[in-house]
Amino acid sequence: MIGFSRAFSLRALALAGALVMSGALVMSGAAFAQTAPAPAAPSPPPANFPASHIAIAAEVLKTSGLMRTFEASTPNVVQMLRANMSRTRPELVRQIEESLKVVEGKMIEMTNDGLKGAAGYLASRMTEAELKEVNTFLTSPVGRKYVETLPAFMEDILPYLEQWTQVVGQEAMVIFRAEMAKRGAPL
């Protein structure tokens, strides 16, 4: 069995992925609205791993729920395209909708490419044996419950962390000022 911290790290990876994806969507929406050049392609994931290593990394990403981040992002991309293009070119609504159907058809392939890329990054951080151990935990009854519990936990903990960070920041500033004053440099 793996420890809580390693399993939690996977969820943190999922959250980070969601945040990065949200930021990318915001940035891509701004690019669409301003007809700016397309952003550069993401850097390729580390390569040269056996197919079995990438496969178990992809399985861990699916089992841990990170794949849902990719799946949830693709409709947002289409919706953002729809909103931006329909707003800037309302006279082309019919053609926009026809074109978006083609884009939607390509989203499964793009999502799978995203999963493969993410699997490469995860494979670069964990051995195949470690990933198998993580997957064993995630597919166990307690592991499934952990994965099912995390979304609600994250909803609960994010506001708490925001408040906690503010309190810690204020307390740190009080300590810092006191230390600066001891050194003859009051703030």
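A short tour of the structure in this document, coming up. (Residues numbered from 1 in each chain as written. Predicted model: local features only at pLDDT ≥ 70, side-chain atom pairs only at ≥ 80, totals over all residues. Heavy atoms only, no water.)

## Considering the overall build of the chain
Threshold: Counting from the N terminus, the helices are DSSP H or I runs at least four residues long and the strands are E runs at least two residues long. Categorising residues by exposure relies on relative accessible area from a 1.4 Å probe, with only protein chains included: less than 20% of the type maximum marks a residue as buried, more than 50% marks it as exposed, and the intermediate range marks it as partly exposed. Any two residues whose heavy atoms approach within 4.5 Å are treated as being in contact. Only the protein chains shown count as cover for residues, and the accessible areas themselves come from Shrake-Rupley with a 1.4 Å probe.
Along its length, the chain carries 6 helices and 0 strands. The order of helices and strands in the chain, counted from the N terminus, is α-α-α-α-α-α. A buried classification covers 28% of the 187 residues belonging to the chain. Once local pairs closer than 6 in sequence are excluded, the contacts in the chain between residues at least 24 apart make up 83%. Approximately 12200 Å² of the chain is accessible, and the part contributed by carbon and sulfur atoms is 64%.

## Section: the packing of aromatic side chains
Note the threshold: Within 6.5 Å between ring centres, the rings of Phe, Tyr and Trp (the latter by its six-membered ring) count as paired, and their orientation is classed by plane angle as stacked under 30 degrees, edge-to-face over 60, tilted in between.
Here the structure, examined in full by the defined rule, presents 1 aromatic pair. Ring centres of Phe137 and Tyr146 lie 6.1 Å apart, and the angle between their planes is 55°; this geometry places the pair in the tilted category. We note that Phe137, like Tyr146, is buried.

## Quick notes on the side chain of Ser140
The line we're drawing: Polar contact criterion, stated in full: a pair of N or O atoms within 3.5 Å, where within protein one must be able to donate a hydrogen and the other to accept it, and residues adjacent in sequence count only if both atoms are side-chain atoms.
In this structure, Ser140 sits in the loop between helix H5 (128-139) and helix H6 (141-182). At a separation of 3.1 Å, a polar atom in the side chain of Ser140 contacts the main-chain amide nitrogen of Gly143.

## What about a nonpolar patch on the surface?
We count it as follows: Patch members must show over 30% relative accessible area and no salt bridge, and they are joined within 9 Å when carrying like charges or within 5 Å when they are nonpolar side chains of Val, Leu, Ile, Met, Phe, Trp or Tyr. In what follows, salt bridge is the name for a side-chain nitrogen of Lys or Arg lying within 4 Å of a carboxyl oxygen of Asp or Glu.
A cluster of nonpolar side chains, contributed by Leu158, Tyr160, Leu161, Trp164 and Val168, occupies part of the molecular surface with about 460 Å² of accessible area. With respect to the helices, strands and loops of the structure, Val168 is situated in helix H6.

## Details of the nonpolar core
Note the following rule: Here the nonpolar core consists of buried residues drawn from Ala, Val, Leu, Ile, Met, Phe, Trp, Tyr and Cys, with membership extended through side-chain atoms lying within 4.5 Å.
In terms of nonpolar packing, the biggest core is built from 21 residues, with Ala57, Val60, Leu61, Leu122, Leu131 and Leu138 touching the most fellow members. Among the secondary structure elements, those contributing two or more residues to this core are helix H2 (51-64), helix H3 (66-88), helix H4 (93-125), H5 and H6. With residues up to four places along the chain from it excluded, the contact list for Ala57 reads Ala119, Leu122, Ala123 and Leu131.

## Brief notes about the pattern of salt bridges
Under the defined criterion, the tally for this structure stands at 6 salt bridges. A salt bridge links Glu179 to Lys182, with the shortest nitrogen-to-oxygen separation between them at 3.0 Å. Taken as a pair, Glu179 and Lys182 lie in helix H6 at a separation of 3 residues, close to a single helical turn. One salt bridge connects Glu179 with Arg183, and the closest N-O pair in it is separated by 2.7 Å. A cluster of three or more residues bridged by salt bridges with shared partners is formed by Glu179, Lys182 and Arg183.

## Quick look at the packing of H3 against H4
Under the convention used in this document: As a rule, the C-alpha atoms of each element are fitted with a line to give its axis, helices using only the stretch in contact, and angles between N-to-C directions run from 0 to 180 degrees. Under this scheme an angle from 65 to 115 degrees is roughly perpendicular, one under 35 degrees roughly parallel, and one over 145 degrees roughly antiparallel; angles in between are oblique. Note on convention: near helix rotated counterclockwise from far helix by under a right angle means a left-handed crossing. Clockwise means right-handed. Here the term charged refers only to Asp, Glu, Lys and Arg, the term nonpolar to Ala, Val, Leu, Ile, Met, Phe, Trp, Tyr, Cys and Pro, and the term polar to all other amino acids, Gly among them.
Their axes nearest at 9 Å, the elements H3 and H4 cross at an angle of 150°. Here H4 runs roughly antiparallel to H3, going by the angle between their axes. Considering only the axes of H3 and H4, their crossing is right-handed. Taking contact as the criterion, the partners of Met67, Phe70, Glu71, Thr74, Val77, Val78, Leu81, Arg82, Met85 and Ser86 in H3 are, on H4, Ile96, Glu97, Leu100, Val103, Glu104, Met107, Thr111, Asn112, Gly114, Leu115 and Ala118. Considered class by class, the residues forming the contact of H3 with H4 number 12 nonpolar, 5 polar and 4 charged.

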